Amino acid sequence: MKEWFMTKNGEPFSNFGTSHLIMLSLFFISVFFILYFSNEIWSNNKFIQTLRWLLFILLISSELTYQSWTAVHGIWKDSLPFHLCGIASLTGALALLTLNKKLIAITFFIGLIPAFAAMITPELPYDFPNFRFFKFFIHHMAISLTSIFLATMKPYTITVKSMLWTYLYLVLYALIIGFFINPWLEANYLYLSDTPTTNSPLDLLGDGFWYPINLGMLGIIVFSIQYLCFYSLRKRKATTIR
């Protein structure tokens, strides 16, 4: 276990290879379980609390073990939780702990699609069974599932107003990252300076002046699609119940 847990070496990650497809399958099965059996889940308070605290433990333990691992290997500067998924992990853990409405909305909008997109095009150097492989998929699955779980638990926290406020918070956060954190750490958090090292949809956003502009436009488009899909599901569920 020490060999794969402590090492920075391993087999290069293969996008849509066997291990990647297995982790994606586990994620889709989990999403199907939460959505399809939502009525059964929300009628069983003991199960709700078990799932709630399981997700909380996964988020916290993933972040703590990863930060410890990066500190040991001296690569912590590029691995702090300043990316969108890192922030969603922290807001998700706090939302699970407090059930705060604003935190639930923020986690839903910044956690669901970004974490899912990261799993489709992982920025991973090494494949199974390297520590980063396990941490990456467990952590990002937990972020997306937490977003779904919280939004399903408190559906009326997801509104147009909460969507717009979350986008405003994100713009302000991006300005802080872009003008202060990234220059200070010589980093590329939020991918404001450049696209990820792996192929991703961000490659289609152009470069230079237009890249951050298009990135901001993509953000509000993704938020709007998330809201419309969730609203449609919520309305359909309400109609079915009646």
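Quick caveat, the model's predicted, so the values are computed rather than measured.

A. Region of interest: the overall build of the chain. Helix and strand content of the chain: nine helices and zero strands. N-terminal to C-terminal, the α/β element order of the chain is α-α-α-α-α-α-α-α-α. Taking 18 Å as the expected radius of gyration for a compact globule of 242 residues, we find that the chain reaches 18 Å, a close match to that expectation. Its C-alpha atoms give the chain principal-axis dimensions of about 55 × 45 × 30 Å. Expressed as a percentage of the 242 residues in the chain, the buried residues total 43%. Partitioning the contacts of the chain with sequence separation of at least 6, the portion at a separation of at least 24 is 73%. For the chain, the accessible area works out to roughly 13500 Å², and carbon and sulfur atoms hold 71% of it.

B. Representation of the side chain of Thr91. Relative to the elements of secondary structure, Thr91 occurs in helix 5 (residues 84–98). A relative accessible area of 12% places Thr91 in the buried class. Within polar-contact distance, the side chain of Thr91 engages the side chain of Thr107 at 3.0 Å.

C. Just the packing of helix 6 (residues 101–120) against helix 8 (residues 160–185), in detail. Two numbers describe how helix 6 lies on helix 8: the axes approach to 9 Å, and their chain directions differ by 75°. Comparing the axis directions of helix 6 and helix 8 gives the class roughly perpendicular. When helix 6 is examined against helix 8, the residues Lys102, Ala105, Ile106, Phe109 and Ile110 are found in contact with a partner set consisting of Ser162, Met163, Thr166 and Tyr169. Looking at the contact of helix 6 with helix 8, its residues break down into six nonpolar, two polar and one charged.

D. Spatial organisation of unusual backbone geometry. With an omega of 10°, the peptide bond between Phe128 and Pro129 qualifies as cis. Of note in the backbone geometry, Glu186 takes a positive phi value of approximately 55° without being a glycine. Overall, the relative accessible area of 67% leaves Glu186 in the exposed class.

E. Focus on the nonpolar core. Counting 56 residues, the largest nonpolar core has Leu96, Phe108, Phe109, Met119, Phe137, Phe149 and Ile158 as the members making the most contacts within it. Put simply, the parts of the chain that give this core at least two residues each are helix 2 (18–36), helix 4 (45–73), helix 5, helix 6, helix 7 (131–153), helix 8 and helix 9 (210–241). Looking at this core element by element, the count peaks at twelve residues for helix 7.

F. Fine view of helix 7. Taking 1.5 Å per residue, 23 residues should reach 33 Å; helix 7 reaches 32 Å between its end C-alpha atoms and fits that length. Measuring from the backbone nitrogen of Arg132 back to the side-chain oxygen at the start of helix 7 gives 2.9 Å, which picks out Asn130 as the cap.

G. Up close: the environment of Asn199. Tracing the backbone shows Asn199 in the loop between helix 8 and helix 9. Separated by 76 residues in sequence, Asn199 and Glu123 place their C-alpha atoms 8.8 Å apart.

H. Inspection of the environment of Tyr173 at higher detail. Locating Tyr173 in the fold gives a position in helix 8. As for Tyr173 and Leu190, which are separated by 17 residues in sequence, their C-alpha atoms are 9.7 Å apart. Apart from the residues lying within four places of it in its own chain, the contact partners of Tyr173 are Phe82, Ile87 and Leu190.

What counts, and at which threshold
Residues numbered from 1 in each chain as written. Predicted model: local features only at pLDDT ≥ 70, side-chain atom pairs only at ≥ 80, totals over all residues. Heavy atoms only, no water. Helix = DSSP H or I, 4+ residues; strand = E, 2+ residues; numbered from the N terminus. Rg over C-alpha atoms; globule rule 2.2 N^0.38 Å. Buried < 20%, exposed > 50% of the residue type's maximum accessible area, 1.4 Å probe, protein only. Contact = heavy atoms within 4.5 Å. Areas by Shrake-Rupley, 256 points an atom, 1.4 Å probe, with all protein chains shown as cover. Polar contact = N/O pair within 3.5 Å; in protein donor to acceptor, adjacent residues only side chain to side chain. Axes fitted to C-alpha atoms, helices over the stretch in contact; angles between N-to-C directions. Parallel < 35°, antiparallel > 145°, perpendicular 65-115°, else oblique. Nonpolar A, V, L, I, M, F, W, Y, C, P; charged D, E, K, R; others polar. Core = buried A, V, L, I, M, F, W, Y, C linked by side-chain atoms within 4.5 Å. Expected span 1.5 Å × (residues − 1).

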